[in-house]
Amino acid sequence: MMFKKTLVAVSLAAVTLASATSVAAENVDLLIKNATVLTMDEDKNVYENGLVAVKENKIVAVTDGSDLKEFEAKTVIDADGDIVMPGLINTHTHVSMTVFRSLADDVPDRLHRYIFPLEKKLVSRDMVRIGAQLGNVEMIKGGVTTYADMYYFEDEVAKTVDEIGMRAILGETVIKFPVASAANADEGIKYAVNFIEEYKDHPRITPAFAPHAPYTNTTETLQKITELSKKYDVPVMIHLAESDREDQVIAERSGGLSPVEYMADIGALTPNLIGAHVINVSDSDIELLKKHDVGVAHNMSANIKSAKGVSPAMKMQEEGLRIGLGTDGPMSGNTISTMDEFNQVAKVHKLVNKDRAAMPPMKVIEMATIGAARALHMEDTIGSLEVGKLADIIVVDTKAPNMVPVYNPYSALVYSAYAANVKHTVVDGKILMKDRTMTTVDEDKIREEALEFADKVRKTVIESGEVVQ
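Residues numbered from 1 in each chain as written. Predicted model: local features only at pLDDT ≥ 70, side-chain atom pairs only at ≥ 80, totals over all residues. Heavy atoms only, no water.

1. Side note on the packing of aromatic side chains
Here the structure, examined in full by the defined rule, presents three aromatic pairs. Seen in terms of ring centroids, Tyr-151 and Tyr-152 are 5.0 Å apart; in terms of plane orientation they differ by 50°. Their pairing is tilted. Take Tyr-151: its relative accessible area is 3%, and that puts it in the buried class. On the basis of an interplanar angle of 50° and a centroid distance of 5.3 Å, the ring pair of Phe-195 and Tyr-199 is categorised as tilted. Of the two residues, Phe-195 and Tyr-199 are both situated in helix α5 (residues 185-199); the distance of four residues between them amounts to about one turn of the helix. (Phe/Tyr/Trp six-rings, centres within 6.5 Å; stacked < 30°, edge-to-face > 60°. Buried < 20%, exposed > 50% of the residue type's maximum accessible area, 1.4 Å probe, protein only. Helix = DSSP H or I, 4+ residues; strand = E, 2+ residues; numbered from the N terminus.)

2. A few points about the packing of helix α3 (residues 125-141) against helix α16 (residues 443-463)
One can describe the packing of α3 onto α16 by two numbers: an axis separation of 9 Å at closest approach and a directional angle of 135°. As summarised for this structure, α3 and α16 are arranged oblique, according to the angle between their axes. By crossing handedness, the relation of α3 to α16 is classed as left-handed. Along the contact surface, α3 presents Met-127, Arg-129, Ile-130, Gln-133, Leu-134, Val-137 and Lys-141, while α16 presents Glu-443, Ile-446, Glu-449, Ala-450 and Phe-453. Split into classes, the residues belonging to the contact of α3 with α16 amount to seven nonpolar, one polar and four charged. (Axes fitted to C-alpha atoms, helices over the stretch in contact; angles between N-to-C directions. Parallel < 35°, antiparallel > 145°, perpendicular 65-115°, else oblique. Left-handed = near helix turned anticlockwise from the far one by under 90°. Contact = heavy atoms within 4.5 Å. Nonpolar A, V, L, I, M, F, W, Y, C, P; charged D, E, K, R; others polar.)

3. A word on the nonpolar core
Phe-100, Tyr-147, Phe-209 and Met-263 are the most contacted members of the largest nonpolar core, which totals 115 residues. Counting 18 residues, the second-largest nonpolar core is a separate cluster that includes Ile-32, Tyr-47, Ala-391 and Ile-393. (Core = buried A, V, L, I, M, F, W, Y, C linked by side-chain atoms within 4.5 Å.)

4. Details of the side chain of Asn-136
With respect to the helices, strands and loops of the structure, Asn-136 is situated in helix α3. Apart from residues lying up to four places away in sequence, Asn-136 is in contact with Val-95, Tyr-147, Thr-160, Val-161, Ile-164 and Met-166.

5. Section: the confidence of the model for the protein chain
Of the residues in the protein chain, 93% reach a pLDDT of 70 or more, and the chain-wide mean stands at 92. Taken together, the stretch residues 1-20 has pLDDT below 50 and engages in 36 contacts with residues farther than four places along the chain or on a different chain. (pLDDT = per-residue confidence, 0-100.)

Here it is as structure tokens:
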């Protein structure tokens, strides 16, 4: 399978016992007990008084808790009935844009009239670092343990991911216009190649190419990136079938093809590709995406906020495509915790399909965990709580007023939970947030630096004659 992180081999004894979802081990590094465990494994097993045991960065046991006495742990988290589940996976965002959040929220054609000009004036290595640090904290506090990011100076984003301890796929944006990190698409590709070569073997960071969109790159650029992605065995992230403008430009370029048909025609639909949004697609487009094993990032809140439409994500999920939830950037959906998508994804698909039973809670949680892992071709390592997988785990408070009572944990997560209900976040076996407190970075310092940069943004906007919305 393409660009998966290789699992360290487990012992023969562990493999033998894995089928029973339990590995007897006297000493483990982390034990989470008395938990309502949502495994999100193939059978969607749920353990009401379960436990999860972690040794180093791997899960070594997921059980009903009856074997609790068999484990001795350096660190113990007593969940006291709280929900324990796989870390959430954000399949599409632009994390550094947190510093632009809430600007021009209702401006028509905001991307071309507002975002691109603002980025031209303010994007820098410093801005990317500050925005990424802020966004990383937001995601960890909202239960996101892995995210897929497209932006500029992604090596700066990588440094922040490494420091905080998250997992990420990071793609250097390639676009035909001059931008802060490259004067043209060719320079963007060179930047991306250097980044890929630097981070190719990182245990938690997967470097990638990120051509902005089919209509903002030439055919030759898209084909070159496709071949390079095969050479380096890395993902390609792209905005795909997102807007009417894209449809028009690609139809004129290709003699009437849709963006998905065009990408297939030029050889750019591959298992390496992760398409974000995928709103304007026909049944035949969906068939092409499935045929080429393309991953899809479904970004409900950003798409409905921009009035671009609702992706046929439910149909794609039902037909077995690799599809997971994303938030888009913080100028689009404003919040970048995947949990904030749950409620909207469930309700809007019901409305669009005029079916109260459409998109049930379990399907939403699947799209945020193992489904998102499949979209990123990482389902063998993350996305569910199973023996041998990487220990990316969150604990969600069930005692908060908005969560009481819990009759169905999936429903509670989708219709009741807030991102702030996440109590503990574990990535790669390491606790990055405990009792809502960050353990690897200084949240207050990060917030203060972001507020200082916001003053610079505000001044720039005022000097340009625009009004801060």
